[in-house]
Amino acid sequence: MLKLSDPTLLKTESFINGEWRSSSQTYAVKNPANGQHLADVANHGVEEAQEAVEAGYDAYKSWKKTTAAERAAVLMKWADLMEQHREDLATIMTSEQGKPLAEARGEINYSVAFFRWFAEEARRIYGDVIPTHNPALRNLVIKQPVGVVAAITPWNFPIAMVAKKLPAALAAGCTMVWKPSEETPLSGLAFAELGVRAGLPGGAFNVINTLDAPAIGKVFTESELVRKISFTGSTPVGKLLLRQSASTVKKVSMELGGNAPFIVFDDADIDAAVSGAIASKFRNAGQTCVCANRLLVQESVYDEFSEKFSKAVAELHVGDGMAAETTVGPLINQAALDKVEVLIDDAVSHGAQVALGGNRHDLGGTFYQPTVLTEVPFEARLSREEIFGPVAPIFRFSTEEEALEQANATEYGLACYFYARDIGRIWRVSEGLEYGMVGVNTGMISTPVAPFGGIKESGLGREGSKYGLDDYLEMKFMCIGGID
Ligand code: ADP
C-alpha cells in the first residue's frame, strides 16, 4: 500500500458533476518499478462520458459568468493545496509512473506555476476598440470562453499535462472533461480531489477513467456540447482526433510527438553541452516529447563530446524512483521496453556502435541501461522515430548547413536544442530550425511564462504564456450603430 500523509488523496473513482462515481468494472494500476498492485480504478464508458460532458455544459453556464477574480481565487487555492500536498502527490506519481521522486516533486512545482500563471492571466483578458470605418458605427472586439473543453493526456507527466490545460481553460471561463491516461490515473484523481477542496463548483472539472479510450474520444469529439479538444499524446492519435473533430468543427489544441535534435557545434562549450544533453535526454528515462532524440555533433568535437558524454551517462543511477539516489527509473511498460530494443537492434544492424549500455538492466522488469550509440547512420530508424527511452544516438556532421538539413529532416517540429558561442551562428541556426521551441545553450526550456508547442506534425496551438490563454478564447466583433 502507498504510504501517504493524507490517505484520502488516494481516489479510485471517476469524478462527474462534483461527485465521486465508482463502478462495478475496475482495472488494476501497478507500479512499473516492482509490479506492485496499487489500486483498482473505475472503468467507465460512453454513458458516464456523456454525463460528464453534460455536467460540464451545465457548469459552464454559471462559470463563464464569474469574475476573473473569482476564477483566480480558486486557481490560487488549488495551487496552494498542491504545494501543501506535494509529497503525497509525488509519492503517488512515482509509484504509478516510475519517475524519480525528485522529478515528481519538480512536476508538482511546475504544475503549481501554471496554476498561478493563469490565475494572474485571467485578469488580463482584454478586448480592443478599433478606430471606426464609418462615423455612425463603433467597432469593438471582446474575448469570450470557447465553452466545454475535452482534454486527453498521456502518462509521462500525469499531472503536468493536464495542469498546462486546465488552469488556462478555467481562467478563460471554460469548463473541462478530462480523460487521464489509463496507465496513471491516480495522480490525476488526487489532483482533482484538491480542486474540490479549493472550492471548484461541481461539473466545472470532470474526470473519466476508462480502458476504452477510443470510445471516450468519440464521445468527446462528436458531442456538440464540447467546443474544443485539447490533446497531448502521439501524432497518430492526434490525427485521428482531428479527423473526428471535423464533424463538429471544433477548436483544437494538439501537443503531439517530437524528434528533437540536439546539435553540438565546434564552438560550443563542450562541458556545458554534455550537462545539457544529460538533462534533456535522460529526464523521465527519456520518456518526454521534448527529450533530445538525436545528438548531432560536429566532426572536430565528435570524439571529445562522445567520450565526456558517455562518462556522464555512466554515472546515472538506475533504480526505483522512490530511492533517493535514483536518476533513471523504469520504462512505463513492456511495450516501451520492446520498442527501445527494436530500435537499438536496428541501429546496430546499420553499423552503429554501442559505446555504453545496450541491454536490459539487471534489475529486470522494464528497467533498461542508459545507452550511448556512436557513429549512428542516418538510415537507422531512431533518426526518424521517437525513442521514448534512455538511449542517446550520436550522429556526425561536418558543416552548419548539413546540421540544419539533418535537424529539419523530420515530419516533427516540437523542441530542438543547440550549443554554440558564435552570435551569428546562434541567429542563423535559431532561424533555420523548423521547430516551435529552440533551446540555445540549454537543455531545459519548459516554463509557464513561455509558449510551449510545435509546428509541422508536432501540433497546433500553444500552452503557457500570454498566448496560451488565446487557445481557450473566442473573439467576438461587435459593430455598434445608432450612435448619432
Ligand atoms: P502514448 O504513447 O503517450 O500513450 P497515445 O497517443 O497512445 O500516446 O495516448 C495518449 C492519450 O490518448 C492516452 O490518454 C490514451 O488513452 C489516449 N488515446 C489513445 N488512443 C485514443 C483514441 N483512439 N481516442 C482517444 N484517446 C485515445
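Attention in this report is confined to the structure presented alongside it. Because the structure is predicted, anything quoted here is derived from the model rather than measured.

## Topic: helix H10 (residues 270–282)
Every α-helix carries 3.6 residues per turn, so stepping three or four residues along brings you back to the same face.
Step number 1: Between the first and last C-alpha of H10 there are 18 Å, a value that for 13 residues agrees with the 18 Å anticipated at 1.5 Å per step.
Step number 2: Regarding H10, the residues found buried are Ile270, Ala273, Val274, Gly276, Ala277, Ile278, Ser280, Lys281 and Phe282.
Step number 3: Asn284 sits one or two positions beyond H10 and adopts a positive phi of about 55 degrees.

## Section: the sheet that holds strand S6 (residues 138–145)
Step number 1: Strand order in the open sheet formed by three strands is S5-S6-S20, with antiparallel pairing between adjacent strands. Edge positions in the sheet fall to strand S5 (128–130) and strand S20 (473–480), since each has one partner strand and no second. Neighbour-to-neighbour, the strand axes of this sheet turn through a mean angle of 25 degrees, independent of strand direction.
Step number 2: In the sheet, S6 pairs with S20 via eight bridges, with the strands oriented antiparallel.

## With respect to the pattern of salt bridges
Step number 1: One pass over the full model with this rule turns up 27 salt bridges.
Step number 2: Between Lys239 and Glu457 there is a salt bridge, and its shortest N-O distance comes to 2.8 Å. Note that Lys239 is positioned in helix H9 (residues 235–245) and Glu457 in the loop between strand S18 (437–440) and strand S19 (459–460), a separation of 218 residues in sequence.
Step number 3: Here Lys239 falls in the partly exposed class, since its relative accessible area comes to 36%.
Step number 4: The exposure class of Glu457 is partly exposed, given its relative accessible area of 32%.

## Examining the site of the ligand
Step number 1: Within the structure, the ligand sits among 18 residues, and Thr153, Trp155, Lys179, Glu182 and Ser234 are positioned closest to it.
Step number 2: At 2.7 Å, a backbone N or O of Thr153 approaches an oxygen atom of the ligand.
Step number 3: Lys179 is positioned with one of its side-chain polar atoms (N or O) 2.9 Å from an oxygen atom of the ligand.
Step number 4: When isolated, the ligand has an accessible area of 550 Å², and the protein chains bury 79% of it.

## Things to note about helix H3 (residues 86–97)
Step number 1: With 12 residues, H3 should reach 16 Å at 1.5 Å per residue; the first-to-last C-alpha distance of 16 Å fits that figure.
Step number 2: Of all 12 residues in H3, 10 are buried; the element is thus mostly enclosed.
Step number 3: Downstream of H3 by one or two residues, Gly98 has phi in the positive range, about 105 degrees.

## Structural notes on the packing of helix H13 (residues 400–408) against helix H14 (residues 423–432)
Step number 1: At a minimum axis separation of 10 Å, H13 and H14 run at an interaxial angle of 25 degrees. The orientation of H13 with respect to H14, classified from their angle, is roughly parallel. The interaxial crossing formed by H13 with H14 has right-handed handedness. Of the residues in H14, those touching H13 at Glu400, Leu404 and Asn408 are Arg425, Arg428, Val429 and Gly432.
Step number 2: When its residues are assigned to classes, the contact of H13 with H14 shows two nonpolar, two polar and three charged.

## Side note on a nonpolar patch on the surface
Step number 1: Judged by side-chain polarity, Met478, Ile480 and Ile483 come together as a nonpolar surface patch covering roughly 210 Å² of accessible area.
Step number 2: Note on placement: Ile483 falls in the segment after S20.
Step number 3: Ile483 gets classed as partly exposed once you look at its relative accessible area, which sits at 39%.

## Observations concerning the environment of Asp346
Step number 1: When you line up the elements, Asp346 lands in helix H12 (residues 334–349).
Step number 2: Here the alpha-carbon distance between Asp346 and Trp20, two residues 326 residues apart in the chain, equals 47 Å.
Step number 3: With residues up to four places along the chain from it excluded, the contact list for Asp346 reads Ala380 and Arg381.

## Here we look at the nonpolar core
Step number 1: Ranked by size, the top nonpolar core spans 68 residues in total, and within it Ile263, Leu295, Phe305, Phe309, Leu382 and Leu433 carry the most contacts.
Step number 2: Setting aside chain neighbours within four positions, we find Ile263 in contact with Leu296, Phe397, Ala403, Ala407, Tyr417, Phe418, Tyr419 and Leu433.
Step number 3: Ranked by size, the runner-up nonpolar core spans 65 residues in total, among them Val29, Leu38, Ala172 and Ala198.

## So, the pairing of strand S10 (residues 226–232)
Step number 1: Within S10, six of the seven residues are buried, which leaves the element mostly enclosed by the surrounding structure.
Step number 2: Note that strand S7 (residues 148–152) and S10 share five bridges and pair parallel. Along S10, the bridge assignment pairs Ile152 with Phe231.
Step number 3: With five bridges joining them, S10 and strand S11 (residues 251–255) adopt parallel strand pairing. Counterpart to Phe231 in the pairing with S11 is Met254.
Step number 4: In terms of handedness, the path from S10 via H9 over to S11 forms a crossover that is right-handed.

## Structural notes on the packing of aromatic side chains
What describes a pair of aromatic rings is the distance from one ring centre to the other and the angle between the planes of the rings.
Step number 1: Enumeration over the complete set of coordinates arrives at 18 aromatic pairs.
Step number 2: Ring centres 6.5 Å apart and planes at 80 degrees place the aromatic pair Trp178 and Phe191 in the edge-to-face group. Of this pair, Trp178 sits in strand S8 (residues 175–179) while Phe191 sits in helix H7 (residues 185–197); the two residues are 13 residues apart in sequence, bridging distant segments of the chain.
Step number 3: The exposure class of Trp178 is buried, given its relative accessible area of 0%.
Step number 4: Its relative accessible area of 0% is what places Phe191 among the buried residues.
Step number 5: It is Lys228 that lies over the ring of Tyr472; its NZ or CZ is 4.8 Å from the centre.
Step number 6: Between the NZ or CZ atom of Arg396 and the centre of the ring of Tyr302, over which it lies, the distance is 4.1 Å.

The rules we used
- Residues numbered from 1 in each chain as written.
- Predicted model: local features only at pLDDT ≥ 70, side-chain atom pairs only at ≥ 80, totals over all residues.
- Heavy atoms only, no water.
- Helix = DSSP H or I, 4+ residues; strand = E, 2+ residues; numbered from the N terminus.
- Expected span 1.5 Å × (residues − 1).
- Buried < 20%, exposed > 50% of the residue type's maximum accessible area, 1.4 Å probe, protein only.
- Pairing = 2+ DSSP bridges.
- Axes fitted to C-alpha atoms, helices over the stretch in contact; angles between N-to-C directions.
- Salt bridge = Lys/Arg side-chain N within 4 Å of Asp/Glu carboxyl O.
- Near = heavy atom within 4 Å.
- Polar contact = N/O pair within 3.5 Å; in protein donor to acceptor, adjacent residues only side chain to side chain.
- Areas by Shrake-Rupley, 256 points an atom, 1.4 Å probe, with all protein chains shown as cover.
- Parallel < 35°, antiparallel > 145°, perpendicular 65-115°, else oblique.
- Left-handed = near helix turned anticlockwise from the far one by under 90°.
- Contact = heavy atoms within 4.5 Å.
- Nonpolar A, V, L, I, M, F, W, Y, C, P; charged D, E, K, R; others polar.
- Patch = residues over 30% accessible without salt bridge, like charges linked within 9 Å, V, L, I, M, F, W, Y side chains within 5 Å.
- Core = buried A, V, L, I, M, F, W, Y, C linked by side-chain atoms within 4.5 Å.
- Right-handed = clockwise from strand over helix to strand, strands pointing away.
- Phe/Tyr/Trp six-rings, centres within 6.5 Å; stacked < 30°, edge-to-face > 60°.
- Lys NZ or Arg CZ within 6 Å of the ring centre and 35° of its normal.

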